[in-house]
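Chain by chain, the residues:
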Amino acid sequence: MECPLSEQSATVDELLEACIQAFDEKGVLKDASLVRMFLMMHPWYIPSTDMANKLVLKSQEETCTEERRTRICHLVKYWISEFPAEFNLNPELEEQIKHFKDLLSTEGNERQSQLIDLDSVPSYKWKRQVTQRVPSVSKKRKMSLLFDHLDSSELAEHLTFLEYKSFCKILFQDYHSFVMHGCTVDNPILERFITLFNSVSQWIQLMVLSKPTAPQRAAVVSHFIRVAQKLLQLQNFNTLMAVVGGLSNSSISRLKETQSHISAETNKVFNSLIELVTSCGNYSQYRKRFSECSGFRFPILGVHLKDLIAVHVALPDWVDKEKTRVNLAKTQQLYAILQELALIQTTPPSIDSNTDLLNLLTVSLDQYHTEEEIYQMSLQREPRKPVQNSSPAPAPEPKSTMIDEWAVSVKPNADPTIIKIHIEKMVEHTVHLAMVSSFLTMAGAR
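Residues numbered from 1 in each chain as written. Predicted model: local features only at pLDDT ≥ 70, side-chain atom pairs only at ≥ 80, totals over all residues. Heavy atoms only, no water.

Draft legend 1. Structural view of empty space enclosed by the protein. Within this structure, the stated rule accounts for 2 cavities of 30 Å³ or more. Its boundaries defined by the atoms lining it, the second largest cavity holds a volume of some 30 Å³. Every element with two or more residues in the lining of the second largest cavity is listed here: helix 2 (32–41) and helix 19 (328–344). Examining the composition of the lining of the second largest cavity, we find that 3 residues originate from one element, helix 2, more than from any other. For the lining of the second largest cavity, a count of residues per class yields 7 nonpolar, 2 polar and no charged. (1 Å grid on protein atoms, 1.4 Å probe; cavity = no way out; pocket = protein on both sides within 12 Å on 5 of 7 lines; lining within 4 Å. Points joined across faces, edges and corners; volume = space filled by probe spheres on them. Helix = DSSP H or I, 4+ residues; strand = E, 2+ residues; numbered from the N terminus. Nonpolar A, V, L, I, M, F, W, Y, C, P; charged D, E, K, R; others polar.)

Have a look at this one:
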């Protein structure tokens, strides 16, 4: 059978048949790219339980030869080995495959039955556990102020360790749910990762505003700019984005007296970091820098989620009205993005973490403050100067620019055009465009 990837479309059955034919009787895989792509992307078109049922039915057909049944078993074996979480977290799918294994044994196909091993599938339940934050408790917790004296390299490394650990809990199912729904509803793992990103940005603002004098606040800002530099050296672009977002938030960038105590060289460094994560040219600077990285690298997840949504909105799942032929162009584009994110999880950072420091940092990040509350802190530190011969301008509404905007509900059946507009807003919030502009304006005025 000709490889469906050479065509623009194919039915689910044609793709499944091509996956079966990709194995020989000894289990040698002749076309891993096709098989892995289809096994990862099939939930877009068919539930895993339905696909498993198709395989079982194919193995029970009267025309199914011993060799063909063996190939089917090799495909199931590969499916389990490459995507074990799907079986561990889907009891119905696991039960189907167990039944298939028992059926093979009952029919005397013990050699084929032994190819299917579910006992070796590790538990992924710990990855799905999410620590819930309790506002009534966290809000009363006194913020730790120890980290502005911590070495910038050590702080950058431990922030990286925390965020990467949270990132590795995200499974393919989470990305699929986000793309299909356009939001993080019923997606606690992805939502928790986004919350951690927001917490880093907010914590940095609180650290700056905790200092009573302008020189002290400037010292904290300069310290976190050094942390940002270390994050770039670590190739951790996601946390770098969070730090840049926190430092360029309007509650910090409006502190003119504080800014006056920051050196020109430090401002130059910070502006270069802003340019790196700006959305100009569809994040061209970030994408170029990220593509040149080797070894551990941590992407700005928001940018890649935006890419997933853009492909999903732009291209239909099916090429025909009857929804029988899969749009392979879309499948391949989505797979390329998801495969990259999956591979990143297999290359952890080389960091020697300190458990006590991680615990203290986790507690410090677990804060609850609204944008309005933080902005009021900023006004208390540096009150707005009255304008002569004019009535005082009303306080600007603090911009909600954190990634938690992504949790704003977009109904699963929303118009694709509306979803696309929503995604563009999410992207703007991700890069904190308004905050960056404010900071650059102030830097230019100096």
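Draft legend 2. Representation of the environment of Thr239. Structurally, Thr239 is set in helix 13 (residues 237–247). On the accessibility criterion, Thr239 (0% relative accessible area) is buried. Spatially, the C-alpha atom of Thr239 lies 9.9 Å from that of Leu301, the residues being 62 residues apart in sequence. With near-sequence residues (within four places) excluded, Thr239 lies in contact with Leu159, Glu163, Val200, Leu231 and Phe298. Here the side chain of Thr239 touches Glu163 through a polar contact of 2.7 Å, side chain to side chain. (Buried < 20%, exposed > 50% of the residue type's maximum accessible area, 1.4 Å probe, protein only. Contact = heavy atoms within 4.5 Å. Polar contact = N/O pair within 3.5 Å; in protein donor to acceptor, adjacent residues only side chain to side chain.)

Draft legend 3. Representation of the nonpolar core. The biggest cluster of nonpolar side chains holds 118 residues, and the ones touching the most others in it are Phe167, Phe224 and Leu240. Considering each element in turn, this core owes the most residues, 13 residues, to helix 11 (residues 188–209). (Core = buried A, V, L, I, M, F, W, Y, C linked by side-chain atoms within 4.5 Å.)

Draft legend 4. Main features of unusual backbone geometry. Positive phi, normally seen in glycine, also occurs at Asn282, with a value near 55°. Mapped onto the elements, Asn282 comes out in helix 17 (residues 280–291). Phi is positive for Tyr283, close to 60°, though the residue is something other than glycine. If you trace the backbone, Tyr283 turns up in helix 17.

Draft legend 5. Spatial organisation of the packing of aromatic side chains. Following the criterion strictly, the structure yields 15 aromatic pairs and no others. Relative to Phe298, the ring of Phe193 lies with its centre 6.2 Å away and its plane at 50°, an arrangement referred to as tilted. A residue pair is termed long-range when its members are at least 10 positions apart, and Phe193 in helix 11 and Phe298 in the loop between helix 17 and helix 18 (301–314) qualify at 105 residues. The burial state of Phe193 is the same as that of Phe298; both residues are buried. Here the aromatic cluster, defined as three or more aromatic residues joined through ring pairs, consists of Tyr164, Phe167, Phe193, Phe296 and Phe298. Above the plane of the ring of Phe290 lies Arg297, whose end atom (NZ or CZ) is 4.2 Å from the centre. (Phe/Tyr/Trp six-rings, centres within 6.5 Å; stacked < 30°, edge-to-face > 60°. Lys NZ or Arg CZ within 6 Å of the ring centre and 35° of its normal.)

Draft legend 6. Up close: the packing of helix 2 against helix 19. Between helix 2 and helix 19, whose axes approach to 10 Å, the crossing angle comes to 90°. When the interaxial angle is binned, helix 2 and helix 19 end up roughly perpendicular. Contacts from Arg36, Met37, Met40 and Met41 of helix 2 reach helix 19 at Thr331, Gln332, Leu334, Tyr335, Leu338, Gln339 and Ala342. Looking at the contact of helix 2 with helix 19, its residues break down into 7 nonpolar, 3 polar and 1 charged. (Axes fitted to C-alpha atoms, helices over the stretch in contact; angles between N-to-C directions. Parallel < 35°, antiparallel > 145°, perpendicular 65-115°, else oblique.)

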